[in-house]
Amino acid sequence: MPEKFLQPYDPSATESRIYEEWEQSGLFNPDESAKQGITSADAPAYSIVLPPPNVTGRLHMGHALMLAIQDTFIRYKRMRGFRTLWIPGTDHAAIATQSVVEKQIKKDENLSRHDLGREQLLKRIEKFANESHDTIVKQVKTMGASLDWTREAFTLDETRTRAVRTIFKLMYDAGLIYRGLRIVNWDPKGQTTISDDEIVYEERAAKLYTFRYSKDFPIPVATTRPETKVGDVAVAVHPDDARYTAFIGKEYDAIFCDVPIHIKVVSDKEVDPAFGTGAIGVTPAHSHVDWDIASRHELSQEIIVINEFAKMTVNGRLEGKKVLDARDTVVEWLKSEGLLEKEEDITQNVSTAERTGGVIEPLPKLQWFIDVTREIPGRGKSLKELMLEPVQSGAIQIIPTHYEKTYFHWIENLRDWCISRQIWYGHRIPVWYKGEAIIVGTPPAEEGWIQDEDTLDTWFSSGLWTFSTLGWPEATEDLRTYHPTDVLETGPDILFFWVARMILMSEFALNTIPFKTVYLHGIVRDAQGRKMSKSLGNNLDPLEITSRFGADAARMALIVGNAPGTDSRISEDKIKGYKHFANKLWNIARFVLENTENFDRSSQTELNSEDAARKTEYEIIIADVTADMEAYRVYLAAEKLYHYVWHQLADVILEESKAILGTVRTPSDASAEAKNSKKTLLIYLLDNSLRMLHPFMPFVTEEIWQSMPTKDAKFLMVAKWPLLH
């Protein structure tokens, strides 16, 4: 028995060495595995793409959970003999990354991006992104993730840039990408449009004001934003609201806080008769809802009263004022004119930009959009329909299934996707102008053309992730072999912003699904069930956790009890418990190896009835765990293995074995047949327990495996999964 087993298991002295050995073997790469004769060249393929972490900093426990679950899937399938590919990569995360660098430059040098210029800022960002990338890769490896690093991708590298330009042109030529004036989420602080997922809703105290536009205006309206009412073009009421039926279709003129306005009363089924007065002022240029109402009733959408800096643009007392100052001014005017009927204290969700904290202003902007409702030439369907069909048909399974209803609801209410951003880092819009002429997709060779200043929404490039990582737009062998991918494992918070867009992009570009299963993990919370945050001081750093307790312990603590779509709790005590489990497994191995050191494994030892019964019990565990793995119930599989190894193998079977095999203090008088039967059973149980625990606890199981006297593979990670015959 190797001397290492005389000491407790030390993950800090083991894990980095083991990972380096795995990497040097080349067996994370399915091509190399086939070349070495470990995997059959015609074995079925199995693939996952890693949701690319943002190149903005350190990984958190949510990332650690993602890595643990995906690596469990990958290691299991690799042991089942699949040509298994897990593709790594990182996301340039344009707004987030540029924001981090800009803030640091402002802090250190008191300079803005405009002081530096586009070229110099991009150099600074690229340097930061490269350094951050190296940190992230180190962290990913620390968690034991068996990714094929030879295929690593970056959303802003050359291959992905070619893919972005190709699909942009394809969609433009199909009439799906257009440039138009539409209302968008505008961040006055960051000076860019942002996507819905980059909005943080903050609950704030507010006031609901009920007023009339003038003394002779017949309908009172209610709003939390009276400053926008200088841009109203209509009042909308529900068609069945008897209070206002007589006024529908009538038009009125008024001077509202120095600004002439013309109001038409329209009926619209989207109006809630129970909210406020049941009548809403329609400000098309400053509300998504009002923009849609104006579209349905052919009302003017051109009256803009707030600019990009959240200041009023109208003449009179409001001119040039910030939005909140203008609100106070309008309220004072309403009171002085006797038009304010009611003022109520309420709470409301205020839209703020995640990266800058600025309050979002809905504004009409000339931007690039993807039309999700237009019929695709030659396909007879819209992008919306292409996004709905695979989930409706079951071609894509979402786990847990109740998220399918959420998915359908979001797609059915999907608006055209604004894909342009007013920042410098990212994929620049592949459109060039010369006068009225335009070139799309490929940079023109001639001089005099000017490229669009804007960049693409990060989700546009990451939406291509499942197939751009496999070499598209080239018809590569990887693309033929590994697409569609098998599983996308991620959090439910990006079901729409990323998962849905990958379905959109793959269906459009390849006429196929991007993945067969979407596995949504829950949020990792602290021991009290609170969300982890800096303000609460309850964050757990995966690197610190792995340095103290080992990656195996962290992985088990994250996986056990984490059913898909369900939040789970984690604490140092829970992680410490699985560190003890790793040591327990180590001690089991020491006992078995010590007591079978000179045993001839090749001898055809018959198990006695008691040991045969123990083996039969274990075969039930094998079948049960395998079924759980196939059904994505990894959280149950891990828990069953934990309980069996600790409470059955260690607490019962090993204790029974001591009486049969004997110890220094109490020699055994059992027969040679009984001893050989017990040794055969122990070797069988240890061997197969290592195999089944390996996807969850790869390091300690591999380290023990290397000391097994006989084995069917050099590395446990490519040994065969135990199956019943």
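A. Quick peek at the packing of helix α18 (residues 572–595) against helix α22 (residues 698–705). The N-to-C vectors of α18 and α22 enclose an angle of 10°; their axes lie 10 Å apart at closest approach. With respect to their mutual orientation, α18 and α22 come out roughly parallel. Helix-helix and strand crossings are classified by hand; for α18 and α22 the assignment is right-handed. For the pair α18 and α22, contact is made by Ala582, Leu585, Trp586 and Ala589 and by Val700, Thr701, Glu703 and Ile704, respectively.

B. Representation of the sheet that holds strand β7 (residues 199–211) within the structure. An order of β8-β7-β13 is seen for the 3 strands of this open sheet, with the pairing classed as antiparallel. Single-partner strands in this sheet number two, and they are β8 (221–223) and β13 (340–353). Strand-to-strand, the axes of this sheet are offset by a mean angle of 25°, without reference to chain direction. One ladder, built from 13 bridges, connects β7 with β13; its direction is antiparallel. Counted as the bridge partner of threonine 210 is lysine 342 from β13. Sitting on the sheet, helix α9 (residues 323–337) touches β7 and β13, and the angle it makes with β13 is about 170°.

C. Here's a closer look at the sheet that holds strand β12 (residues 279–282). Strand order in the open sheet formed by 4 strands is β10-β11-β9-β12, with mixed pairing between adjacent strands. Each having just a single partner strand, β10 (251–256) and β12 make up the two edges of the open sheet. Shown here is a sheet whose adjacent strand axes are inclined to one another by a mean of 30°, direction ignored. Pairing of strand β9 (residues 234–237) with β12, which is carried by 4 bridges, proceeds in the antiparallel orientation. Bridge assignment links alanine 234 to a residue of β12, and that residue is valine 282. Running at roughly 85° to β12, helix α8 (residues 288–297) makes contact with β9, β11 (259–267) and β12 of the sheet.

D. Fine view of helix α11 (residues 403–412). The set of residues buried in α11 consists of Tyr403, Glu404, Tyr407, Phe408, Trp410 and Ile411. Looking down the long axis of α11, one finds its buried residues gathered within 165° of arc, a one-sided arrangement. Away from its buried face by more than 90 degrees, α11 exposes Lys405 and His409. Residues of α11 that are buried make contact with α10 (383–393), β15 (397–399), α15 (495–510) and β23 (515–520).

E. Region of the structure containing the environment of threonine 517. Position of threonine 517 relative to the elements: it lies in strand β23. Put simply, threonine 517 and isoleucine 398 are 119 residues apart on the chain and 5.9 Å apart in space, counted from C-alpha to C-alpha. Residues contacting threonine 517, with those up to four places away along its chain left out, are Gln397, Ile399, Asp486, Val487, Leu488 and Tyr632. In terms of polar contacts, threonine 517 uses its side chain to reach the side chain of tyrosine 632, at 3.5 Å.

Rules behind the numbers
- Residues numbered from 1 in each chain as written.
- Predicted model: local features only at pLDDT ≥ 70, side-chain atom pairs only at ≥ 80, totals over all residues.
- Heavy atoms only, no water.
- Axes fitted to C-alpha atoms, helices over the stretch in contact; angles between N-to-C directions.
- Helix = DSSP H or I, 4+ residues; strand = E, 2+ residues; numbered from the N terminus.
- Parallel < 35°, antiparallel > 145°, perpendicular 65-115°, else oblique.
- Left-handed = near helix turned anticlockwise from the far one by under 90°.
- Contact = heavy atoms within 4.5 Å.
- Pairing = 2+ DSSP bridges.
- Buried < 20%, exposed > 50% of the residue type's maximum accessible area, 1.4 Å probe, protein only.
- Arc of directions from axis to C-beta.
- Polar contact = N/O pair within 3.5 Å; in protein donor to acceptor, adjacent residues only side chain to side chain.

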